[in-house]
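Each chain, letter by letter, is given below.
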Amino acid sequence: MKAIRRFTVRPVLPDTLRPLADLARNLRWSWHEPTRELFESVDPEGLRAADGDPVRALGAIDAGRLAALAADQEFLARLRAAAEELDHYLTEPRWYQRQSGEPPASIAYFSPEFGVTAALPQYSGGLGILAGDHLKAASDLGVPLIGVGLLYRHGYFRQSLSRDGWQQEHYPVLDPGELPVSLLREPDGGPARVTLALPGGRSLHAHIWIARVGRVPLLMLDSDVEENAPGEREVTDRLYGGGSEHRLLQEMLLGIGGVRAVRTYCRLTGTPAPEVFHTNEGHAGFLGLERIRELGREGLDFDAALEAVRAGTVFTTHTPVPAGIDRFDRALVARHLGDDGALPGVDTTRILALGDETPLGGEAGVFNMAAMGLRLAQRANGVSTLHGAVSRAMFAGLWPGFDPEEIPLGSVTNGVHAPTWTAPEVAVLSPDASDRELWELRRTLRERLVTDVRARLRASWRQRGAAAAELGWTDSVLDPDVLTIGFARRVPSYKRLTLMLRDKDRLRALLLHPERPVQLVVAGKAHPADDGGKRLVQELVRFADDPRVRHRIVFLPDYGMGMARGLYPGCDVWLNNPLRPLEACGTSGMKAALNGCLNLSVLDGWWDEWFEPDFGWAIPTADGAAARDEERRDDLEAAALYELIERGVAARFYDRGPDGVPAGWTAMVRRTLTDLGPRVLADRMVREYVERLYAPAAAAHRALGPVEARELAAWKAKVRGAWPKVSVDHVEVGDGLEGDVDAELGATPAVRVRVALGELGPEDVEVQAVTGRVDADDRLLDPRTSVLKPADRPDLEGRLPYAGALSLDRTGPFGCTVRVLPTHPLLAHPAELGLVALPVEAAGEGGVLLR
């Protein structure tokens, strides 16, 4: 018989042991080593059986063990100390509380996935792990963040392999009663609930679960409630599962329902309402529409509400390719968000315009979530310096007339949470440790990884149908004294899992080298719908199954946080070989670096920004005609990879001194730990978000009350209507000569221009001279701007004269042009409206070339 209801029966803890429940329910234990050690001492076997989750372990502990612990005075003293330390951590002023000025009282951080701990499997890959690290670092810094996501009853998926190496997916049911979460309840004890109206008179209800991530509450919406019809109950079934309508409902619940969940949480707990809303990728973009609906009920029209929402919104994009953006049929969006849907009273035509992707070269019938996210946010960023540049080029169509460098989309390079990803032995390593101590520590971590890999490999082969008697060879897989290279990530085609297999004979020679052998530990999941990715996994697995090399290369299925925590410290080198520039950031190499693991990577994402020869190796990338031929490109880059491993990586690893220690290698490890490690920290990342994005967004939010929002909206409407009549009609430089002008370094020639403003006044615009070196096509390079001032009364045709001076501070071909931009005190960036007036030909009639 099959049970029709499932319950979790928990033991009743004696009063003296009650703090154990509080410690288990706060996920700080996942990155706080003393608390993990405390739970290890409670029931080591039970904790291992519960995959390290103290909530599950406490739920299964027997009464006899509880009684013994309650009588153990030494344990009780440790428990009291841990409880007091947690209380101190949760309440003491931290970095954020010491900031000057008025930082945001509260920030809401929305993401479709959160990777906080393996005990809460609500993540698929880098986006979720980044979001989890963002919450943890915010907690450590005291940043008043409120996380918002969904509670997926099946998580992402568990991965295993068939006998022939094909990826298999499994979706275990997650019982919230066995997870480190609690239900948000109303004062009468009933569960708090948010509701979205759906077409046809249907409703989507969701409960709100809370995970305590240190000081940060993570609100997770769950549609598996009895009030829902069967279809609506399954909205939060799987992460990134289902068809287009299913995904749309998930993103409506995350964005619209998430704002309502935040309002409910603040009402019930007295937490200050967020002044800033951070949209981590476009999946949560509908949160801006819900806030427009809220302001509409307070009397603001759509345009004024839009300005108020934009002022306090931050949007982070994580994708470097249009294919990574969620897109929906416009009719589907209109049906679900119209008066018969979730946002009654909000103009559907205006909603659809926010998601219009035609300026990006897209399709007219498609609603683009990233385009909406950028239009709803006054501040936006990519996740590395290179990704910021890629994003500006990708979204340039939203700011026509501006060079990509001027587009208001910056970057905050991702970081990783050191206490989560650093091995305890590395965390306590003395900066004065000798080369031998460093080398011996690396060997200890490598040996630990080898032991873990052998156990995981045996379990994988048993799942694939092998008998125990067949698996004696797994006892000698890998060698704790051999150079170990790790590669683990999601398996889309651009990450090139199988680039290492391009020349299998060359790879075998590296693995089996008689003097300088290499071993590889590989892991990764392909999306369930990506058969191409699954074929890559199968190709790698089949190579690793070869008896000739299977002791030197392994594929470990079901890559996740639990596996990763041992993989990063245990590897000597972390390999990353994506197609440049398609890796937005690539934080796995950061986690490896925190443990003294050297990076071997294409110059993409964060590695492009911080690579130094002391930190690892850069894999050359093909360019020109070779880059356009995919086969030749991969052949060239694979050959470069083999060459680097053989002549660079392995040669240095095995170059031992008389004492058996490779001094050159340990020097690189030391530099990685001391110089690179501090740069890749999530603490650094969150501080940058606070200082560069959250604080300015909060200030803009406070400055834009209802009156100011209406005035700003009216001003923008006036400017947009009048802009077609704004023009630059005449430009003079120096003595009034046009075309080529000879000039000397240090000269300050006068520039004069006449500008037609139509119905606008001088207070509405800024007239700029733009100067810089020029290339062969007269394009300005590294341009600099100077503001020109009104110089006289209008001429007979109503044109206003402006004047100023150029500073010729560089020799060589030098050019200038003039442009007019809208200006207003409440604009965050001159390009915000996407409006610019230039001379008829920027380097012709209105431009001047100085030689």
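Our structure's up above, just so we're on the same page.
Residues numbered from 1 in each chain as written. Predicted model: local features only at pLDDT ≥ 70, side-chain atom pairs only at ≥ 80, totals over all residues. Heavy atoms only, no water.

(A) Inspection of the side chain of Glu-307 at higher detail. Along the chain, the position of Glu-307 falls in helix H11 (residues 302-311). A distance of 2.9 Å separates the side chain of Glu-307 from the side chain of Lys-716, its partner in a polar contact. Discounting residues that sit within four places of it in the chain, Glu-307 has contacts with Leu-704, Ala-709, Leu-712, Ala-713 and Lys-716. (Helix = DSSP H or I, 4+ residues; strand = E, 2+ residues; numbered from the N terminus. Polar contact = N/O pair within 3.5 Å; in protein donor to acceptor, adjacent residues only side chain to side chain. Contact = heavy atoms within 4.5 Å.)

(B) Expanded view of unusual backbone geometry. At the junction of Arg-580 and Pro-581, the peptide bond is cis and its omega measures out at 5 degrees in the coordinates. For Pro-581, the position within the fold is in the loop between strand E18 (573-576) and helix H22 (588-593). The backbone of Arg-496 sits at a positive phi, close to 55 degrees, despite the residue not being glycine. Topologically, Arg-496 is positioned in the loop between strand E15 (483-488) and helix H19 (504-511). We classify Arg-496 as buried; its relative accessible area is 6%. (Buried < 20%, exposed > 50% of the residue type's maximum accessible area, 1.4 Å probe, protein only.)

(C) The arrangement of the side chain of Arg-247 in detail. Note on placement: Arg-247 falls in helix H9 (residues 244-269). Assessed through its relative accessible area of 17%, Arg-247 is described here as buried. Discounting chain neighbours no more than four positions away, the residues touching Arg-247 are Tyr-240, Gly-241, Gly-242, His-283, Asp-326 and Phe-328.

(D) Main features of the nonpolar core. Counting residues in each nonpolar core, the largest one holds 97 residues, and the members touching the most others are Phe-110, Met-252, Phe-286, Leu-289, Leu-337 and Val-820. With eleven residues, H9 is the single largest residue contributor to this core. Of all hydrophobic cores here, the second largest spans 64 residues; its members include Leu-130, Leu-135, Val-181 and Tyr-689. (Core = buried A, V, L, I, M, F, W, Y, C linked by side-chain atoms within 4.5 Å.)

(E) Highlighting H11. Most of H11 sits out of view: nine of its ten residues are buried. Among the residues of H11, those classed as buried are Phe-302, Ala-304, Ala-305, Leu-306, Glu-307, Ala-308, Val-309, Arg-310 and Ala-311.

(F) Examining the packing of aromatic side chains more closely. Using the criterion set out here, one finds 17 aromatic pairs in the structure. A ring pair is formed by Phe-157 and Tyr-171, whose centres lie 6.3 Å apart and whose planes are at 55 degrees; its orientation type is tilted. Of this pair, Phe-157 sits in the loop between strand E2 (145-150) and strand E3 (158-161) while Tyr-171 sits in the loop between strand E4 (167-170) and strand E5 (182-183); the two residues are 14 residues apart in sequence, bridging distant segments of the chain. Residue classification places Phe-157 among the buried positions, given a relative accessible area of 3%. Classification of Tyr-171 as partly exposed rests on a relative accessible area of 24%. One aromatic cluster in this structure is built from Trp-439, Trp-617, Phe-653, Tyr-654 and Trp-665. Arg-446 extends its terminal NZ or CZ atom over the ring of Trp-439, reaching a point 5.5 Å from the ring centre. In this arrangement the basic side chain of Arg-550 is found over the ring face of Trp-473, its NZ or CZ atom lying 4.0 Å from the centre. (Phe/Tyr/Trp six-rings, centres within 6.5 Å; stacked < 30°, edge-to-face > 60°. Lys NZ or Arg CZ within 6 Å of the ring centre and 35° of its normal.)

(G) Inspection of helix H7 (residues 126-141) at higher detail. The end-to-end C-alpha distance of H7, which contains 16 residues, comes to 22 Å, matching closely the 22 Å that a straight helix rising 1.5 Å per residue would cover. The buried fraction of H7 amounts to 15 of the 16 residues, a majority that puts the element mostly inside the structure. One or two steps after H7, the chain reaches Gly-142, where phi turns positive at roughly 80 degrees. (Expected span 1.5 Å × (residues − 1).)

(H) Summary view of the sheet that holds E18. Spatial ordering of the open sheet is given by E17-E16-E15-E18-E19-E20, a layout of six strands whose pairing is parallel. A single partner strand is all that each edge strand has here, and the edge strands are strand E17 (553-556) and strand E20 (616-619). Between one strand and the next, the sheet's axes are offset by a mean angle of 20 degrees, whatever the strand orientation. Judged from the four bridges that link them, E18 and strand E19 (residues 598-602) form a sheet pairing that is parallel. Residue Asn-576 lies in a different strand from E19, and its bridge partner there is Ser-601. Relative to E17, helix H20 (residues 531-545) is tilted by about 140 degrees, and along the sheet it contacts strand E16 (518-523) and E17. Here helix H25 (residues 630-653) sits on the sheet in contact with E15, E16, E18, E19 and E20, set at roughly 165 degrees to E20. (Pairing = 2+ DSSP bridges. Axes fitted to C-alpha atoms, helices over the stretch in contact; angles between N-to-C directions.)

(I) View of the pattern of salt bridges. Under the definition given, this model contains 66 salt bridges. Taking the shortest distance from any N to any O, the salt bridge between Arg-506 and Glu-643 comes out at 3.2 Å. Note that Arg-506 is positioned in helix H19 and Glu-643 in helix H25, a separation of 137 residues in sequence. Judged by relative accessible area, which is 25%, Arg-506 ranks as partly exposed. For Glu-612, the salt bridge is made with Arg-679, and the minimal N-O distance between the two is 3.2 Å. Linking Glu-612 in the loop between helix H23 (605-610) and E20 with Arg-679 in the loop between helix H26 (663-676) and helix H27 (682-703), this pair joins segments that are 67 residues apart in sequence. (Salt bridge = Lys/Arg side-chain N within 4 Å of Asp/Glu carboxyl O.)

(J) Up close: the pairing of strand E1 (residues 107-110). The alternating pattern of E1 places Ile-107 and Tyr-109 on one face and Ala-108 and Phe-110 on the opposite face, and all of these are buried. Across four bridges, E1 lies against E2 in parallel orientation. The residue of E2 that forms the bridge with Phe-110 is Val-148. For the handedness criterion, the β-α-β arrangement of E1, H7 and E2 is classed as right-handed. Note that E1 and strand E9 (residues 276-280) share four bridges and pair parallel. Its bridge partner being in E9, Phe-110 is matched across the sheet by Thr-279. (Right-handed = clockwise from strand over helix to strand, strands pointing away.)

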